[in-house]
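The lines below spell out each chain.
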Amino acid sequence: MNEVPKETLPEEFYRLMEDLQTIDFVLVELTLYLDTHPEDLEALKQFNTFSRRSRDLRQTIEARYGPLLQFGHSYSEYPWAWADPPWPWQM
């Protein structure tokens, strides 16, 4: 496998990953809140909105840079893309 140094990855990749981490953090917080406030319709609407944003952003990142999740959670183009960087420790 050819390791790609971090500095060769496009700045956009890191911006998109930071956006995804931010959205996923919001989802964790909303999940914890909804566990104790399941009747809060506004929080549930926010959760669903951020859930769609996370899905859409993951699709964008994967289309441009390759799969993010293993075990069938991310589709792989041909040829098998898991050997290609960036790898999780490069993010």
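In what follows, the accompanying structure is described.

**A few points about the overall build of the protein**
Here is step 1 of the chain: The secondary structure content of the protein amounts to two helices and zero strands.
Here is step 2 of the chain: The buried share of the protein, reckoned over its 91 residues, is 27%.
Here is step 3 of the chain: Of the roughly 6,900 Å² of accessible surface on the protein, 56% is carried by carbon and sulfur atoms.

**Some points on helix α1 (residues 11-36)**
Here is step 1 of the chain: Relative to the 38 Å expected for 26 residues at 1.5 Å per residue, α1 spans 39 Å between its end C-alpha atoms, a close match to the ideal helical length.
Here is step 2 of the chain: Burial in α1 covers these residues: F13, Y14, L16, M17, L20, I23, L27, L30 and L34.
Here is step 3 of the chain: Taken together, the buried residues of α1 touch α2 (41-65).

**Quick look at the packing of α1 against α2**
Here is step 1 of the chain: The N-to-C vectors of α1 and α2 enclose an angle of 155 degrees; their axes lie 9 Å apart at closest approach. Between α1 and α2, the angle falls in the class roughly antiparallel. The hand of the α1/α2 crossing is left-handed.

**Some details on the packing of aromatic side chains**
Here is step 1 of the chain: Under the counting rule described, the total for this entry stands at two aromatic pairs.
Here is step 2 of the chain: Ring centres 5.1 Å apart and planes at 85 degrees place the aromatic pair F13 and Y14 in the edge-to-face group. Judged on exposure class, the residue F13 and its partner Y14 are both buried.
Here is step 3 of the chain: Ring centres 5.0 Å apart and planes at 70 degrees place the aromatic pair F13 and Y65 in the edge-to-face group. Taken together, the residues span a long stretch of sequence, with F13 in helix α1 and Y65 in helix α2 at a distance of 52 residues. Each of the two residues, F13 as well as Y65, counts as buried.
Here is step 4 of the chain: Members of the aromatic cluster, each reached through a chain of ring pairs, are F13, Y14 and Y65.
Here is step 5 of the chain: Over the ring of F50 we find R53, and its NZ or CZ is 4.8 Å from the ring centre.

Criteria and thresholds
- Residues numbered from 1 in each chain as written.
- Predicted model: local features only at pLDDT ≥ 70, side-chain atom pairs only at ≥ 80, totals over all residues.
- Heavy atoms only, no water.
- Helix = DSSP H or I, 4+ residues; strand = E, 2+ residues; numbered from the N terminus.
- Buried < 20%, exposed > 50% of the residue type's maximum accessible area, 1.4 Å probe, protein only.
- Areas by Shrake-Rupley, 256 points an atom, 1.4 Å probe, with all protein chains shown as cover.
- Expected span 1.5 Å × (residues − 1).
- Contact = heavy atoms within 4.5 Å.
- Axes fitted to C-alpha atoms, helices over the stretch in contact; angles between N-to-C directions.
- Parallel < 35°, antiparallel > 145°, perpendicular 65-115°, else oblique.
- Left-handed = near helix turned anticlockwise from the far one by under 90°.
- Phe/Tyr/Trp six-rings, centres within 6.5 Å; stacked < 30°, edge-to-face > 60°.
- Lys NZ or Arg CZ within 6 Å of the ring centre and 35° of its normal.

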